[in-house]
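A closer look at the structure
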Amino acid sequence: MAAGWCSTTTTDMVYKNILQKTFSYSLLIMGAITMVLPFAWMVSTSLKSYSSVFIFNVNEINWIPNPIYWKNYIDVWKVVPFARFYFNSLFVCITVTLAQVVTSALAAYSFSRLRFPCREKVFFSYLATMMIPGSVTMIPVFVLMGMFGWIDSYKALIIPAAFSAYGTFMLRQFFMTIPRDLEDAAKIDGCNYWTIFCKVILPLSKTALATLTVFVALGNWVSFMWPLLVTNSLEKRTLPVGLAYFQEMYQYAQPDWGLLMAGSLVTMIPIIVMFIFGQKFFVEGIKLTGLK
């Protein structure tokens, strides 16, 4: 009786485990299909001519272009100043990323390793700015940019985004895990605070710095609302705003979806490359924000 009961229990557990895995994998597959289909449609549309985009058969979806129209990837650089948009995005993204990583590292070092009056209160006040939605501060910052005469300039695109409470918080949490014995040993050797920061803290924080770099670069590359507000001329627009302008060119006509999807795909290439090489840092970023 006991042997039979144990056998039945084991069989039930096996079936239950199989059902759980089947359900989990089914959800993952459905989610993957939901994510991949729009991208597949974008690739397919970018390789179609203007006339073939709207050829639709009720019984069959034309996913594979016939013929393949590579000319969209050439024409997109000619119809709009796409090269200028690309340069602006690269320049702003690289500059903001470097500036934000540097300022966040300096602030995080001050809040985690230095001792000064009201340090914790100042840190929590700085951290509280994360609770304020960006839409609330957008207009005041825009007014300040206008007072400084920075509208439609790189300064307006770079300087407001050069500081980050999130980056400071994440690096501070990591810096606090570094043993103070290393810092004390450096002080005995005659190192000052700046030398300790450059020679001890930063070399031990490469993972955290790389994680923040990936997050900041991805966020700035796809930024749309702020560049839309502070840029007026085509010479200062970034890729997301440039793609929106490309669609506005066809305000009273059907957009050339082949060209638009080709431009969108070219825009996504740096993001895809960055995600492939920085995928492990996304996981590290989740871990670092929970360190104590």
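Sequence order as written defines the numbering, with residues in each chain counted from 1. Note on the predicted model: pLDDT of at least 70 is required for a residue's local features to be given, and 80 or more for side-chain atom pairs to be given and counted; whole-chain, interface and lining totals, by contrast, use all residues. Side-chain calculation: all heavy atoms of the structure are included, whereas hydrogens and water are not.

**A closer look at the overall build of the chain**
Selection rule: Secondary structure elements follow DSSP: runs of H or I no shorter than four residues count as helices, runs of E no shorter than two count as strands, and numbering proceeds from the N terminus. Here a residue-residue contact requires only that any non-hydrogen atoms of the pair lie within 4.5 Å. Here, Shrake-Rupley sampling with a 1.4 Å probe gives the accessible areas, and only protein chains in the shown set may cover a residue.
In terms of regular secondary structure, the chain is built from 13 helices and zero strands. Taken from N to C terminus, the helices and strands of the chain fall in the order α-α-α-α-α-α-α-α-α-α-α-α-α. Residue pairs in contact within the chain that sit at least 24 positions apart in sequence constitute 77% of those at least 6 positions apart. Accessible surface, the chain: about 17900 Å² in total, of which carbon and sulfur atoms supply 71%.

**Things to note about the environment of L218**
Along the chain, L218 falls in helix α10 (residues 206–221). Counting along the chain gives 54 residues from L218 to I272, while the straight-line C-alpha distance between them is 9.9 Å.

**Regarding the environment of Y86**
Basically, it comes down to this: By the criterion applied in these results, polar contacts are pairs of N or O atoms within 3.5 Å in which, for protein atoms, one can donate a hydrogen and the other can accept it, and in which residues neighboring in sequence qualify only through two side-chain atoms.
In this structure, Y86 sits in helix α3 (residues 82–113). When the C-alpha atoms of Y86 and T267 are compared, they prove to be 7.9 Å apart, with 181 residues separating the residues in sequence. When near neighbours in sequence (up to four residues on either side) are disregarded, Y86 contacts W77, W221, L239, V266, T267 and P270. A distance of 2.9 Å separates a polar side-chain atom of Y86 from the backbone oxygen of V266.

**Details of helix α9 (residues 193–201)**
Since the α-helix advances by 3.6 residues per turn, residues separated by three or four positions end up pointing in the same direction. What counts here: Summary of the burial criterion: residues with accessible area below 20% of their type's maximum are buried, those above 50% are exposed, and those between are partly exposed, where the area comes from a 1.4 Å probe applied to protein chains only. As used here, the arc is the angular range of directions from the helix axis to the C-beta atoms.
By the burial criterion, the buried members of α9 are I196, F197, V200 and I201. Seen end-on, α9 carries its buried residues on one side only, within an arc spanning 110°. Exposed and facing more than 90 degrees away from the buried side of α9 are W194 and K199.

**Concerning unusual backbone geometry**
Only a minority of non-glycine residues have a phi that is not negative, and only a minority of peptide bonds are not trans. One non-glycine residue, C118, lies in the positive phi region at around 60°. Relative to the assigned elements, C118 resides in the loop between α3 and α4 (119–128).

**Regarding the packing of α3 against α10**
Formally: Axis definition: a line fit to C-alpha positions, over the contact stretch in the case of helices; interaxial angles, taken between N-to-C directions, run 0 to 180 degrees. By convention, the crossing between two helices is left-handed when the near helix turns anticlockwise from the far helix through less than a right angle, and right-handed when the turn is clockwise. In this classification, the charged set is Asp, Glu, Lys and Arg, the nonpolar set is Ala, Val, Leu, Ile, Met, Phe, Trp, Tyr, Cys and Pro, and all remaining amino acids, among them Gly, are polar.
It is the contact of α3 with α10, at a shortest axis distance of 9 Å, that shows an interaxial angle of 145°. Regarding α3 and α10, the two cross each other, and that crossing is right-handed. Residues Y86, S89, L90, C93, V96, T97, Q100, V101, S104 and A105 of α3 touch α10, and the partners they reach there are L209, L212, T213, V216, A217, N220 and W221. Across the contact of α3 with α10, the residue classes break down as eleven nonpolar, six polar and no charged.

**What about the nonpolar core?**
For the record, the criterion: What we call a nonpolar core is a set of buried Ala, Val, Leu, Ile, Met, Phe, Trp, Tyr and Cys residues that are connected through their side-chain atoms within 4.5 Å.
In terms of nonpolar packing, the biggest core is built from 28 residues, with V92, Y109, L171, F175, I196, I201 and L212 touching the most fellow members. Elements with a contribution of two residues or more to this core: α3, α5 (134–148), α6 (154–158), α7 (165–175), α9, α10 and α11 (225–230). Ranked by residues supplied to this core, first place goes to α3 with six residues. Non-local contacts of Y109, meaning those with residues more than four positions away in its chain, are made with L114, F175, E183, Y193, I196, F197 and I201. Judged by nonpolar contacts, the second largest core, of 17 residues, contains M42, F85, C93 and L243.

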